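Here's the letter readout for the chains.
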Amino acid sequence: MTLIFELMQIALTAAPWLLLGLLIAGLIKAWLPEHLLQRWMGGRSLGSIVRAAFIGMPLPLCSCGAIPTAIALHRGGAGRGPTTSFLISTPGVGVDSILLTSVLLGPLMAVVRVAGALVTAIVTGLLVGFTRETETPVLATSGGCCASSGCHTPDSDTGEPVGLKAGLRYAFSDLLDDISTWMFAGLLLAGVLVTLVPPDTLAYYSGGLLALVLMAVVGIPLYICAAAATPVAAGLLLAGISPGMALVFLLAGPITSLATLAILRRELGSSALAVYLSSVLAVTVLVGWLFDTVLDMTGWNPVEQASEVQELLPVWLEWSALGILALVAIRPVRKRLLGF
């Protein structure tokens, strides 16, 4: 019963913000044409790399979903650096995961997560930009790492906005189907950690560079979307790991996966892959270590911030949002209610 209670508490807290994030994701999908992305990300300069990081940040794409978009942009004129920067920042954070992070982990963690993803994207993009071009890039498919057609961009053929209805259909069907299973798994794991793992258990293994490196090594090969990683990180944080370790998991887990690594190697080459992996590992660990150091010096507590934010919304709104998400996540019910 304690596990069920904790699971429901986390789900109720996350539901309104996830619903709002999906709505914003649909609006972005509806109104942002791909030809503008190609124009903004063209070239190989530092400005292009920085723009690619900021452009990719709010876009509603998972790790595998960002792959075909990034490669299409690369073959449309974007340089290796901007392509890599986009490939990291897009799945690293999104409007839904930013909102969830603010609620479950506190506003401070949300700001640091966004900053960490941007720094990782820009630094890695710069380093990959110095590697040599491959002679014949071969586009590999993303296999089965995503759950639905949400991995692909419906406007990629025309480059035009898809329209409001199509954008909302994408958010509440393709995107929701992609993240729903992982969200449930993440919520369940978070509930188990909060319920069954005493706070001092993981605290024994927390702290120091070795623990941060271990968290990055665990997170890099995983396929977990940014939204689903958030409750897992919250559960780990409440179970005793340091905020820096939670941040490393939030950064390393969503921004890459085995599918991302395989396709990056085929498109940009082995040297680019080696630089990519080394940079992601080093930068995420460094960001986590700096975050822990600053927290030790200032005495800030992200967990206390999160508990304060969670009290902002009325209970009836949380239950309503959770009910709507549960209905929309069931495909036959969604098709009957919304027509898609």
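Description of the structure in this document. (Residues numbered from 1 in each chain as written. Predicted model: local features only at pLDDT ≥ 70, side-chain atom pairs only at ≥ 80, totals over all residues. Heavy atoms only, no water.)

Looking at the packing of helix 5 (residues 80-92) against helix 7 (residues 107-129)
Piece 1. Running from N to C, helix 5 and helix 7 cross one another at 155°; their axes reach a closest spacing of 7 Å. One element, helix 5, and the other, helix 7, form an angle in the roughly antiparallel class. In this structure, the crossing between helix 5 and helix 7 has a hand that is right-handed. Contact residues: Arg80, Gly81, Thr84, Ser85, Ile88, Ser89 and Gly92 in helix 5; Arg113, Ala117, Thr120, Ala121, Ile122, Thr124, Gly125, Val128 and Gly129 in helix 7.
Piece 2. Taken together, the residues of the contact of helix 5 with helix 7 sort by class into 5 nonpolar, 9 polar and 2 charged. (Axes fitted to C-alpha atoms, helices over the stretch in contact; angles between N-to-C directions. Helix = DSSP H or I, 4+ residues; strand = E, 2+ residues; numbered from the N terminus. Parallel < 35°, antiparallel > 145°, perpendicular 65-115°, else oblique. Left-handed = near helix turned anticlockwise from the far one by under 90°. Contact = heavy atoms within 4.5 Å. Nonpolar A, V, L, I, M, F, W, Y, C, P; charged D, E, K, R; others polar.)

Here's the deal with a nonpolar patch on the surface
Piece 1. Residues Leu46, Val119, Val123, Leu126, Leu127 and Phe130 make up a contiguous nonpolar surface patch of roughly 530 Å² in combined accessible area.
Piece 2. The dominant element in the nonpolar patch, judged by the number of residues it contributes, is helix 7, at 4 residues.
Piece 3. Tracing the chain through its elements places Phe130 in the loop between helix 7 and helix 8 (164-196).
Piece 4. For Phe130, a relative accessible area of 71% corresponds to the exposed category. (Patch = residues over 30% accessible without salt bridge, like charges linked within 9 Å, V, L, I, M, F, W, Y side chains within 5 Å. Areas by Shrake-Rupley, 256 points an atom, 1.4 Å probe, with all protein chains shown as cover. Salt bridge = Lys/Arg side-chain N within 4 Å of Asp/Glu carboxyl O. Buried < 20%, exposed > 50% of the residue type's maximum accessible area, 1.4 Å probe, protein only.)

Focus on the environment of Leu238
Piece 1. Tracing the backbone through its elements, the reader meets Leu238 in helix 11 (residues 226-238).
Piece 2. Sequence separation of Leu238 and Leu105 is 133 residues, and the distance between their C-alpha atoms is 9.6 Å.

A word on helix 5
Piece 1. Compared with an ideal rise of 1.5 Å per residue, which puts 13 residues at 18 Å, helix 5 spans 18 Å between its outermost C-alpha atoms and is within 8% of the ideal.
Piece 2. Burial within helix 5 is extensive, with 13 of its 13 residues counted as buried. (Expected span 1.5 Å × (residues − 1).)

With respect to helix 6 (residues 95-104)
Piece 1. Burial analysis of helix 6 places 8 of its 10 residues in the buried class, the great majority of the element.
Piece 2. Along helix 6, the residues classified as buried are Val95, Asp96, Ser97, Leu99, Leu100, Thr101, Val103 and Leu104.
Piece 3. Gly106 occupies a position one or two residues after helix 6 and carries a positive phi of about 100°.

What to know about the packing of helix 10 (residues 209-219) against helix 14 (residues 270-298)
Piece 1. Between helix 10 and helix 14, whose axes approach to 9 Å, the crossing angle comes to 135°. Between helix 10 and helix 14, the angle falls in the class oblique. The hand of the helix 10/helix 14 crossing is right-handed. For the pair formed by helix 10 and helix 14, the contact residues are Leu209, Leu212, Val213, Ala216 and Val217 on the first element and Leu281, Thr284, Val285, Gly288, Trp289 and Asp292 on the second.
Piece 2. Per-class residue counts for the contact of helix 10 with helix 14 are 8 nonpolar, 2 polar and 1 charged.

So, to be careful, I would describe these as geometric facts and stop short of saying anything about function.
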